[in-house]
Amino acid sequence: MGQKTPSAWGNMSSPGKRDWVNQLFRFGLVGVLNTLIDFSVFTLLIVLSVHYVVAQPVAYLAGTANSYYMNRAFTFSARSRGEKGSEPTAPIGDWARKLRFLLWNLVMLGASIGLMALATEAAGFHEMVSKVLVTGVIVVLNFVGSKLWVFAEAPAVSKEH
């Protein structure tokens, strides 16, 4: 009865928890750069009178291209986890990771366009306000999906038969 139930995060000094915190920090740094690219392209297109339904995917694609390469090399690499080697792709192959990245970001793009429409059309926010609000939601969803699916390591295969 007197036992304490461990929290979902448990001991933050464990290696697994430190990996999450380290990767979240790195993801945030990469995200700042991605967001600058995304917002710059979006703003330019809005100033040029391009509708947000067109501006959003173009801007998102520009930030996404940077995101893949930076997160692969910097955020979710073996080196960022303190492991030997620098490639996060050895267990599952680069093609599979690229496909998962593409699929996940198509889902995130669809969600961002839907949320942009909701914020702009239904709630009446200006496109730039909608962009800021939607970006906050998408960043959180994108980190979780990237960590748990896109850049996840394949389970270790036992050599015992």
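Residues numbered from 1 in each chain as written. Predicted model: local features only at pLDDT ≥ 70, side-chain atom pairs only at ≥ 80, totals over all residues. Heavy atoms only, no water.

Peer 1: Help me get a handle on unusual backbone geometry, residues and values and all.
Peer 2: If you check the backbone angles, Ser-49 has positive phi at about 65° while not being a glycine. Within the secondary structure, Ser-49 is located in the loop between α1 (15-47) and α2 (52-75). (Helix = DSSP H or I, 4+ residues; strand = E, 2+ residues; numbered from the N terminus.)

Peer 1: An account of helix α4 (residues 127-150) is needed here, citing residue identities and associated values.
Peer 2: With 24 residues, α4 ought to run about 34 Å at 1.5 Å a step, yet its terminal C-alpha atoms sit only 29 Å apart, falling short of that. For α4, the full list of buried residues reads Ser-130, Lys-131, Val-134, Thr-135, Ile-138, Asn-142, Phe-143, Gly-145, Ser-146, Lys-147 and Val-150. (Expected span 1.5 Å × (residues − 1). Buried < 20%, exposed > 50% of the residue type's maximum accessible area, 1.4 Å probe, protein only.)

Peer 1: Which residues make up empty space enclosed by the protein, and what values do they have?
Peer 2: This structure, assessed with the given rule, holds one cavity of 30 Å³ or more. Here the largest cavity defines a volume of roughly 280 Å³. Residue lining of the largest cavity: 19 residues in total, with Asn-34, Thr-35, Tyr-60, Val-139 and Asn-142 positioned closest to the centre. Listing elements by their share of the lining of the largest cavity, those giving two or more residues are α1, α2, α3 (94-122) and α4. Residues belonging to the lining of the largest cavity are distributed by class as follows: five nonpolar, 12 polar and two charged. (1 Å grid on protein atoms, 1.4 Å probe; cavity = no way out; pocket = protein on both sides within 12 Å on 5 of 7 lines; lining within 4 Å. Points joined across faces, edges and corners; volume = space filled by probe spheres on them. Nonpolar A, V, L, I, M, F, W, Y, C, P; charged D, E, K, R; others polar.)

Peer 1: Just give me the short version of the environment of Val-129, but keep the residues and values in it.
Peer 2: Examined against the element boundaries, Val-129 turns out to sit in helix α4. Here the alpha-carbon distance between Val-129 and Ala-119, two residues 10 residues apart in the chain, equals 8.5 Å.

Peer 1: Tell me what's going on with the packing of α3 against α4, and back it up with residues and numbers.
Peer 2: Put simply, α3 and α4 touch, their axes get as near as 9 Å, and they point 155° apart. Classed by the angle they form, the pair α3 and α4 counts as roughly antiparallel. Remark: the crossing between α3 and α4 carries right-handed chirality. Here the contact of α3 with α4 is composed, by residue class, of 14 nonpolar, seven polar and four charged. (Axes fitted to C-alpha atoms, helices over the stretch in contact; angles between N-to-C directions. Parallel < 35°, antiparallel > 145°, perpendicular 65-115°, else oblique. Left-handed = near helix turned anticlockwise from the far one by under 90°.)

Peer 1: Can you lay out the layout of surface pockets for me, pointing to particular residues and giving the numbers?
Peer 2: Volume-wise, the largest pocket comes out at about 210 Å³. Forming the boundary of the largest pocket are 13 residues, of which Leu-61, Thr-64, Phe-101, Leu-102 and Asn-105 lie nearest the centre. Those elements that provide at least two residues to the lining of the largest pocket are α2 and α3. Residue contributions to the lining of the largest pocket peak at seven residues, all from α2. Its residues placed into classes, the lining of the largest pocket shows 10 nonpolar, two polar and one charged.

Peer 1: Before we move on, can you summarise the pattern of salt bridges with the specific residues and values?
Peer 2: With the rule as written, the count across this model stands at one salt bridge. Among the ionic pairs, Lys-131 bridges to Asp-38, the shortest N-O distance being 2.8 Å. Note that Lys-131 is positioned in helix α4 and Asp-38 in helix α1, a separation of 93 residues in sequence. Note on accessibility: Lys-131 and Asp-38 belong to one class, buried. (Salt bridge = Lys/Arg side-chain N within 4 Å of Asp/Glu carboxyl O.)

Peer 1: Describe in detail the nonpolar core, supporting the description with residues and values.
Peer 2: Counting residues in hydrophobic clusters, the biggest one holds 19 residues, and the most contacted among them are Phe-42 and Phe-151. Looking at this core, the elements with two or more residues in it are α1, α2, α3 and α4. Those residues within four positions of Phe-151 in sequence are excluded, and the remaining contacts are Tyr-68, Asn-71, Arg-72, Phe-76, Arg-97, Arg-100, Phe-101 and Ser-146. (Core = buried A, V, L, I, M, F, W, Y, C linked by side-chain atoms within 4.5 Å. Contact = heavy atoms within 4.5 Å.)

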